[in-house]
Amino acid sequence: NQLASQLIRHYHHPNRSPLNEERIDNLISDLISSPSAYDPSDLSNSKLYLSLYTVGPKPLWLNNFNVAGQQYSSGSVLNYSELNGPNLYLT
């Protein structure tokens, strides 16, 4: 819950909500190492799930204007990354 609230707050107000990257990296590490499970069919509703943060070196597309994420459907994954807003993107 802490992780999601920090990322969403920063996404909506990037200038007012600076990220504590060390804290976020630690929360992501905890999540990765947790014994959790999920049902992939829960993601199969053809919504675009945004990538709001990456651990490690920041990709070139990561800024306040570009959108990146994944869309899941019928056992397949569509990756989406904007390079210059919606005018130039990769799938």
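Nothing here was measured: the structure is a model prediction, and the numbers come from that model.

Enquirer: Whenever I open this one, helix α2 (residues 21–33) confuses me. Can you help?
Expert: Given 3.6 residues to a turn, an α-helix orients residues that are three or four positions apart in the same direction. For α2, which comprises 13 residues, the first-to-last C-alpha distance of 18 Å matches the rise-based estimate of 18 Å (1.5 Å per residue) to within 8%. Where α2 is concerned, the buried positions are Ile-24, Leu-27 and Ile-28. Each buried residue of α2 lies within a common arc of 100° when the element is viewed along its axis, so the set occupies one face. Facing away from the buried side of α2, by more than 90 degrees, are the exposed residues Glu-22 and Ser-33. At its buried positions, α2 is contacted by α1 (2–12).

Enquirer: Would you mind going over the packing of aromatic side chains with me for this structure?
Expert: Each aromatic ring pair is summarised here by two numbers: the centre-to-centre distance and the angle between the ring planes. This structure, assessed with the given rule, holds 1 aromatic pair. Their ring planes at 35° and their centres at 5.2 Å tell us that Tyr-80 and Tyr-89 sit as a pair that is tilted. Exposure remark for Tyr-80: the relative accessible area of 15% places this residue in the buried category.

Enquirer: So what exactly am I meant to see when it comes to the packing of α1 against α2 here?
Expert: Two measures define how a pair of helices packs: the angle their axes make with one another and the distance between the axes. It is at 10 Å that the axes of α1 and α2 come closest, and there the two elements cross at 140°. The angle between α1 and α2 places the two elements in the oblique class. When you trace α1 past α2, the crossing you get is left-handed. Listed contacts from α2 to Gln-2, Leu-3, Gln-6 and Leu-7 of α1 are Arg-23, Ile-24, Leu-27, Ile-28 and Leu-31. Looking at the contact of α1 with α2, its residues break down into 6 nonpolar, 2 polar and 1 charged.

Analysis parameters
Residues numbered from 1 in each chain as written. Predicted model: local features only at pLDDT ≥ 70, side-chain atom pairs only at ≥ 80, totals over all residues. Heavy atoms only, no water. Helix = DSSP H or I, 4+ residues; strand = E, 2+ residues; numbered from the N terminus. Expected span 1.5 Å × (residues − 1). Buried < 20%, exposed > 50% of the residue type's maximum accessible area, 1.4 Å probe, protein only. Arc of directions from axis to C-beta. Contact = heavy atoms within 4.5 Å. Phe/Tyr/Trp six-rings, centres within 6.5 Å; stacked < 30°, edge-to-face > 60°. Axes fitted to C-alpha atoms, helices over the stretch in contact; angles between N-to-C directions. Parallel < 35°, antiparallel > 145°, perpendicular 65-115°, else oblique. Left-handed = near helix turned anticlockwise from the far one by under 90°. Nonpolar A, V, L, I, M, F, W, Y, C, P; charged D, E, K, R; others polar.

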